[in-house]
Amino acid sequence: MFSAQGPIGVFDSGYGGLTILNKFRELLPQYDYIYLGDNARTPYGNRSFEVVYKFTLQAVHKLFELGCPLVILACNTASAKALRSIQQNDLPQIDKSRRVLGVIRPTVESIDSLTQSRHVGLLATIGTIKSQSYPLEIQKLYPDIQVTGVACPLWVPLVENNEFNYEGADFFVKKYIGQLLSQDPLIDTIILGCTHYPLLMHKIRQFTPQHIKLIAQGEYVSNSLKDYLFRHKEIEHCCTKGGTCKFLTTESIEKFQESASLFLSEQIHVNSIILE
């Protein structure tokens, strides 16, 4: 059984998971964290289930090697395409005492108290939409809720190329929201099913009717983590509490620091690694 102590691992294929990490550190600042971004192979959204699973498992192995008793997949695509397989097939072989959690279930659990019309929209990457993970999870918990999803393939590039604050982004933000609401005008709650999308929040809000609630994942996932650690003392005991945060990337250090500055309000030290 794994009994050594270590930081909480946070993994994303790119930079969007930094929005989740920020919320973790706001709500649970006492813990140590390691953020691992597979930035050299991002985006995962258009990749096959097999490739996403392979890459995500490599990242989980690396974070386990670094002593993490708990790893959060702060990536909707990895959560949709790899989480279940890793939990069911790999963890029992690696170490039954460690845990890997995702961002989809905590987001879904928040839906019931937010929607009145029981019509929910989902804006996400192509991979997350194709996986049907959100509709399936929502159907399990709340079978009366109808879910309509639209893929937004250009939103992540807008964010990662620092184009999201310019007028040129308006067309693509308005386009996908319009597609979603034309498919189901009864939608009163929209899930932003990608961790990059909070950086577009001001524009998404601008082109979304005011009565529609927008769900950014960070708040719900961080509250879920807090609750999880409270309920699972055996895991919480293994999470070290020094208030530190380390950053790892498969991309160049300079590129990560430059792009991460869009998401973080601090100077960070980064190390480059290889996943295999």
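Predicted model only: the values in this text are computed from it and were never measured. (Residues numbered from 1 in each chain as written. Predicted model: local features only at pLDDT ≥ 70, side-chain atom pairs only at ≥ 80, totals over all residues. Heavy atoms only, no water.)

Q: Can you help me understand the sheet that holds strand β3 (residues 70–73) in this one?
A: Strand pairs in the sheet, formed through backbone hydrogen bonds, run parallel or antiparallel to each other. Read across the open sheet, the six strands follow the order β4-β3-β1-β2-β9-β10; overall the sheet is parallel. In this open sheet, the two strands that pair with only one neighbour each are β4 (99–101) and β10 (270–272). Going across the sheet, the axis of each strand differs from the next one's by a mean of 20°, ignoring polarity. Summarising the sheet, strand β1 (residues 8–12) and strand β2 (residues 33–37) pair through five bridges and their orientation is parallel. Note on β2: the bridge partner recorded for Phe 11 is Leu 36. Helix-sheet contacts for helix α11 (residues 217–231) involve β1, β3 and β4, and the interaxial angle to β3 is about 155°. (Pairing = 2+ DSSP bridges. Helix = DSSP H or I, 4+ residues; strand = E, 2+ residues; numbered from the N terminus. Axes fitted to C-alpha atoms, helices over the stretch in contact; angles between N-to-C directions. Contact = heavy atoms within 4.5 Å.)

Q: How should I be thinking about the packing of aromatic side chains in this particular structure?
A: Any pair of aromatic rings gets described here by the distance separating the centres and the angle formed by the planes. Evaluation of the coordinates by the stated rule reveals eleven aromatic pairs. Members of the aromatic cluster, joined through ring pairs, are Tyr 15, Tyr 35, Phe 247, Phe 256 and Phe 263. Here the guanidinium or amino end of Arg 41 rests over the ring plane of Phe 55, the centre of that ring lying 3.6 Å away. A cation over a ring is seen here: Arg 98 above Phe 64, with NZ or CZ 4.6 Å from the ring centre. (Phe/Tyr/Trp six-rings, centres within 6.5 Å; stacked < 30°, edge-to-face > 60°. Lys NZ or Arg CZ within 6 Å of the ring centre and 35° of its normal.)

Q: For this particular structure, what's the right way to read the sheet that holds strand β6 (residues 146–151)?
A: Spatially, β6-β5-β7-β8 is the arrangement adopted by the four strands of the open sheet, whose pairing is parallel. Two strands bound the open sheet, and with one partner strand each, they are β6 and β8 (213–215). Direction aside, the axes of adjacent strands within the sheet are offset by 20° on average. Across three bridges, strand β7 (residues 189–193) lies against β8 in parallel orientation. If you follow Ile 191 over to β8, its bridge partner there is Ile 215.

Q: What exactly am I supposed to notice about helix α2 (residues 49–65) here?
A: Spacing of three or four residues puts side chains on the same side of an α-helix, whose turn is 3.6 residues. Here α2 is 17 residues long and its end C-alpha atoms lie 24 Å apart, about the 24 Å a rise of 1.5 Å per residue gives. Those residues of α2 that sit buried are Val 52, Phe 55, Thr 56, Leu 57, Gln 58, Ala 59, Val 60, Leu 63 and Phe 64. At its buried positions, α2 is contacted by β1, β2, β3, α3 (76–81), α4 (83–94) and β4. Just past α2, the residue Gly 67 takes up positive phi, approximately 95°. (Expected span 1.5 Å × (residues − 1). Buried < 20%, exposed > 50% of the residue type's maximum accessible area, 1.4 Å probe, protein only.)

Q: Explanation requested: the state of the cysteines in the structure shown.
A: Counted under the stated rule, the structure contains zero disulfides. Here Cys 68 is not cross-linked by a disulfide; its sulfur's nearest cysteine counterpart is in Cys 239, at 8.7 Å. Relative accessible area serves as the criterion here: at 0%, Cys 68 is assigned to the buried category. Free cysteine: Cys 238, not disulfide-bonded; nearest cysteine sulfur from Cys 239 at 6.9 Å. When its relative accessible area of 7% is taken as the criterion, Cys 238 is described as buried. (Disulfide = S-S within 2.5 Å.)

Q: Would you mind showing me how to read the pattern of salt bridges here?
A: Oppositely charged side chains can pair when the atoms bearing their charge come close. Within this structure, the stated rule accounts for 14 salt bridges. We note a salt bridge from Glu 65 to Lys 62, for which the minimum N-O separation is 3.6 Å. Of the two residues, Glu 65 and Lys 62 both sit in helix α2, three residues apart, roughly one turn of that helix. According to the relative accessible area criterion, Lys 62 is partly exposed, its value standing at 21%. For the salt bridge of Asp 144 with Arg 118, the shortest nitrogen-to-oxygen distance reads 2.8 Å. Remark: Arg 118 occurs in the loop between α5 (104–109) and β5 (119–124) and Asp 144 occurs in the loop between α7 (133–141) and β6; sequence separation between them is 26 residues. Relative accessible area serves as the criterion here: at 47%, Asp 144 is assigned to the partly exposed category. In this structure Arg 118 comes out as buried when scored by relative accessible area, which is 18%. One connected set of salt bridges, linked through shared partners, spans Arg 84, Arg 105, Glu 109, Glu 137 and Lys 140. (Salt bridge = Lys/Arg side-chain N within 4 Å of Asp/Glu carboxyl O.)

Fair warning: the whole summary comes from geometry, so function is off the table for now.
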